[in-house]
Each structure stands twice: as structure tokens, then as C-alpha cells.
Amino acid sequence: MPERGDDLGRSMAGGVRRDEIAVPSSVPAHLRKPRLRRPEVAEYLAAVHGIEVAASTLAKWAGRGLGPAFARLHRTPWYERAEVDRWVAATLMPAAGIQQGTRGNSV
């Protein structure tokens, strides 16, 4: 998994990962690339996952150590599409040990 700020050549070397989700054919071709720039990630999140987030919000999260992991090539942040998908899955998963639908119930 790429670390924040790693060199692009080191952290994103190699081919397509086996754990990538299949991108629907309805998604524009420029969003099906294995690596995306920040504005493309914002567009990808909306198109594939239904998450509306601005590129500027992704930049703020990156500065705070939040959001999907990315690598930099010179000054440009690049996100692996598979890493964005993993981040969405991890972020949207309920916390371990917390049962859904028990809020307000006392034992």
C-alpha cells in the first residue's frame, strides 16, 4: 500500500492489482485508469461510489493524514484507483464490535 508522500516510482510500481474492483462500463474512460489525480478521484468517488467530495477536501484530508493514501510525482499527488476503493470500503464499514440498531436501548 502506498504511503502518503512516497515517491511514485517506488510505491506504485508494478501492473494492475488483482484486488481492484471492476469499474462499470458506464464510468468514463479517463476514470478507469489505474492511477488518478486528485480532481479525477473526486469525480471517481461520485461516479462509482456515490460519494460527493471536492478535490479541495481531498487535499485538506491529505494534509491531515486522512483520506485515501497517495504518492507524489514531483508536486503532483497520484492515487491508485484500487487504494481509493479500499479506503472507501474501510471507511464505510461499521466499527468492529459495534452492533447496528442498538442505539438508545439499555440492557
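Residues numbered from 1 in each chain as written. Predicted model: local features only at pLDDT ≥ 70, side-chain atom pairs only at ≥ 80, totals over all residues. Heavy atoms only, no water.

Topic: the packing of aromatic side chains
For clarity, the cut-off: Two aromatic rings from Phe, Tyr or Trp, using only the six-membered ring of Trp, form a pair when their centres are within 6.5 Å; if the ring planes differ by under 30 degrees the pair is stacked, by over 60 it is edge-to-face, and anything between is tilted. By the criteria applied, helices consist of DSSP H or I runs no shorter than four residues and strands consist of E runs no shorter than two, each listed in order from the N terminus. Think of it in three bands: residues with accessible area under 20% of the maximum for their type are buried, residues over 50% are exposed, and the middle band is partly exposed, with areas taken using a 1.4 Å probe on protein chains only. A ring is scored as having a charge over it whenever the NZ atom of a lysine or the CZ atom of an arginine sits within 6 Å of its centre and within 35 degrees of its normal.
What the rule picks out here adds up to two aromatic pairs. Ring geometry for Trp61 versus Trp87: centroids 5.8 Å apart, planes at 50 degrees, classification tilted. In this pair, Trp61 sits in helix H3 (residues 55–63) while Trp87 sits in helix H4 (residues 81–92), placing the two residues 26 residues apart along the sequence. Ring centres 5.5 Å apart and planes at 40 degrees place the aromatic pair Phe70 and Tyr79 in the tilted group. Among the residues examined, Tyr79 registers a relative accessible area of 1% and is labelled buried. One cation-aromatic arrangement involves Arg37 over Trp78; the distance from NZ or CZ to the ring centre is 6.0 Å. For the cation-ring pair, Arg38 lies above Phe70, with the distance from its terminal atom to the ring centre recorded as 5.5 Å.

A few points about the pairing of strand E4 (residues 76–80)
Worth spelling out the cut-off: In this analysis, strands are considered paired if DSSP registers two or more bridges between them.
Of the strand pairs in this sheet, strand E2 (residues 35–37) and E4 are connected by three bridges, and their pairing is antiparallel. Residue pairing for E4: Leu36 is matched across the bridge by Tyr79. For strand E3 (residues 71–73) and E4, the ladder comprises three bridges, and the chain directions are antiparallel. In the strand pairing of E4, Leu73 is matched with Thr76. What sits between the antiparallel neighbours E3 and E4 is a turn of two residues, in which His74 has the positive phi angle 60 degrees.

Some details on the nonpolar core
Test applied: To form a nonpolar core, buried Ala, Val, Leu, Ile, Met, Phe, Trp, Tyr and Cys residues must be joined to one another through side-chain atoms within 4.5 Å.
Judged by nonpolar contacts, the single largest core of 16 residues is most densely connected at Val41, Tyr44, Leu45, Leu58, Tyr79 and Val84. Contributions of two or more residues to this core are made by helix H2 (38–49), H3 and H4. For this core, the leading source of residues is H2, giving four residues.

Observations concerning the confidence of the model for the protein chain
Defined as follows: Per-residue confidence from the prediction method is given by pLDDT, with values spanning 0 to 100. We call two residues contacting when some pair of their heavy atoms lies within 4.5 Å.
Put simply, the protein chain has an average pLDDT of 78, and 66% of its residues get 70 or more. Predicted confidence is poor over residues 1–16, with pLDDT under 50, and the contacts of this stretch with residues over four places away or in other chains come to 35 contacts.

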